[in-house]
Structure formats: structure tokens, C-alpha cells
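Here is what each chain is made of, one letter per residue.
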Amino acid sequence: MSFFSIFQSLPISGLAVALLGASLAVALPCSGSATGVGTVGRAGAGLLSVDPGKFSRVLVMQILPGTQGLYGLVIWFFALTKLGFFSGSVAQPTLSQGLEFFGACMPVAIGGLIFGIVQGRICAGGVSLIAKKPNDLSRSIILAIMMEFYAILALLASFLMLNSFQF
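Quick caveat: nothing in here was measured; it's all calculated off a predicted structure.

**Some remarks on the packing of aromatic side chains**
Inspection of every chain in the model, using the stated rule, returns 4 aromatic pairs. Measuring from centroid to centroid gives 5.1 Å for Phe149 and Tyr150, while their planes differ by 80°, and the two rings are edge-to-face.

**What to know about the nonpolar core**
Residues Ile75, Ala79, Phe101, Cys105, Val108 and Leu162 are the most contacted members of the largest nonpolar core, which totals 22 residues. Only helix H2 (14-50), helix H4 (67-82), helix H5 (95-132) and helix H6 (137-163) provide two or more residues apiece to this core. Per-element tally for this core: the top contributor is H5, with 7 residues. Apart from residues no more than four positions distant in its own chain, Val108 is found in contact with Ala25, Pro29, Tyr71, Gly72, Ile75, Leu113, Ala154, Leu155 and Ser158.

**Some words on the packing of H2 against helix H3 (residues 55-63)**
Here H2 crosses H3 at 170°, and the two axes come no closer than 9 Å. Classed by the angle they form, the pair H2 and H3 counts as roughly antiparallel. Every pair of crossing elements has a handedness; the one defined by H2 and H3 is right-handed. Between H2, through Val37, Val40, Gly41, Gly44, Leu47 and Leu48, and H3, the contact on the second element is made entirely by Phe55, Val58, Met61 and Gln62.

**Comments concerning a nonpolar patch on the surface**
On the surface, a nonpolar cluster with roughly 570 Å² of combined accessible area is contributed by Phe149, Tyr150, Leu153, Leu156, Phe159 and Leu160. Tracing the chain through its elements places Tyr150 in helix H6.

**Digging into the pattern of salt bridges**
What the rule picks out here adds up to 2 salt bridges. The partner of Asp136 in a salt bridge is Arg139, with the nearest N and O atoms 3.7 Å apart. For Asp136, a relative accessible area of 13% puts it in the buried group.

**Considering the environment of Phe149**
Tracing the backbone through its elements, the reader meets Phe149 in helix H6. Along the sequence, Phe149 and Phe115 sit 34 residues apart, while their C-alpha atoms lie 9.8 Å from each other.

**What to know about the packing of H4 against H5**
When two helices pack together, their arrangement is given by the angle between the helix axes and by the axis-to-axis distance. It is the contact of H4 with H5, at a shortest axis distance of 8 Å, that shows an interaxial angle of 170°. What the angle tells us is that H4 and H5 run roughly antiparallel. Of H5, the residues touching H4 (which contributes Thr67, Gln68, Tyr71, Gly72, Ile75, Ala79 and Lys82) are Phe101, Cys105, Val108, Gly112, Phe115, Gly116 and Gln119. Of the residues assigned to the contact of H4 with H5, the class counts are 7 nonpolar, 6 polar and 1 charged.

**Considering the environment of Thr39**
Relative to the helices and strands, Thr39 resides in helix H2. For Thr39, a relative accessible area of 18% corresponds to the buried category. Distance in space between the C-alpha atoms of Thr39 and Gly120 is 5.8 Å, their sequence separation being 81 residues.

Reading the values: rules and limits
Residues numbered from 1 in each chain as written. Predicted model: local features only at pLDDT ≥ 70, side-chain atom pairs only at ≥ 80, totals over all residues. Heavy atoms only, no water. Phe/Tyr/Trp six-rings, centres within 6.5 Å; stacked < 30°, edge-to-face > 60°. Core = buried A, V, L, I, M, F, W, Y, C linked by side-chain atoms within 4.5 Å. Buried < 20%, exposed > 50% of the residue type's maximum accessible area, 1.4 Å probe, protein only. Helix = DSSP H or I, 4+ residues; strand = E, 2+ residues; numbered from the N terminus. Contact = heavy atoms within 4.5 Å. Axes fitted to C-alpha atoms, helices over the stretch in contact; angles between N-to-C directions. Parallel < 35°, antiparallel > 145°, perpendicular 65-115°, else oblique. Left-handed = near helix turned anticlockwise from the far one by under 90°. Patch = residues over 30% accessible without salt bridge, like charges linked within 9 Å, V, L, I, M, F, W, Y side chains within 5 Å. Areas by Shrake-Rupley, 256 points an atom, 1.4 Å probe, with all protein chains shown as cover. Salt bridge = Lys/Arg side-chain N within 4 Å of Asp/Glu carboxyl O. Nonpolar A, V, L, I, M, F, W, Y, C, P; charged D, E, K, R; others polar.

What follows is the structure, encoded as C-alpha cells:
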């Protein structure tokens, strides 16, 4: 019995599975970004209560974890475009195609969730560095961008897999 044959007996359409993948591609990265931005916001609020002049530096660090939500939104929009939601003729993928489409959305979904949270922690550490050494903003950004690289790889993986679908 194959993996796909297990799902063939369920009353689930391929379109529903594909839409679930697209929804998770935006929901999970936005959740990760919100958590990451919140983590940096808490650290930044502590620093700004002592030194309000470092607001612009803290703001830069707080923006960085928010990019994963943007990557998820890009994949969500691209996925809906591939499914024909904006052209007026919605595709009707088979269950097998829907599962493949779902899988293509998962790199950015899972990666965005994890990377947003972890990047928030890195940026919160960067806020601590800025508190002690205000001129080390660039070092803090470089540390955060190392995580951003992997988020971009997840975005690219989802984009390339979704781009191969023709319904």
C-alpha cells in the first residue's frame, strides 16, 4: 500500500489539501515572526527605558525577525496564483497533486516558524550587545542575517517546487 493510496480513500479533495499548504505557508511564518518580533520588543523596551536615544538601533533589530512572515506571504500569494485563484479558473488538482503542492509549501511554512523565533532570540541578544556597545549594531545585524540566509533558502525551495506545477 502506497502513501498516497491511504489518502485516496479519504473524502478530501486535492484542492483542499493544496489550500491547507498555502494557508500554513503564511500562518506559520507569521506566527514565528510575531514571536520573534515580540522577543526583540521586550528586550528593546528594557534598553529604551534606560537609553531612549538607541531607538533606531533597536528598531532595526526588531524588524529583522519580521521578514519570515513576508516570505510566507509571498509563497501564499504565489501558491494561490498557481492554483488559479486570481485568474478566475480555479484548478482542481488530484489528491496526489494536492499533497505534492502541500509539501512544496512546507519549507517556508516550517522554516519560517522556526527561523522567525530563533532570529528573534538572536536579535534580542543583539539588543543586549547594543546596550553595552552602541557602535556594534553592524555586528548584531550580521549575526541575525546568518539566520536570514536559511529563511531565504526555505523561500527559494518552496518557490522552485511550486513553480514546477502545471494544472
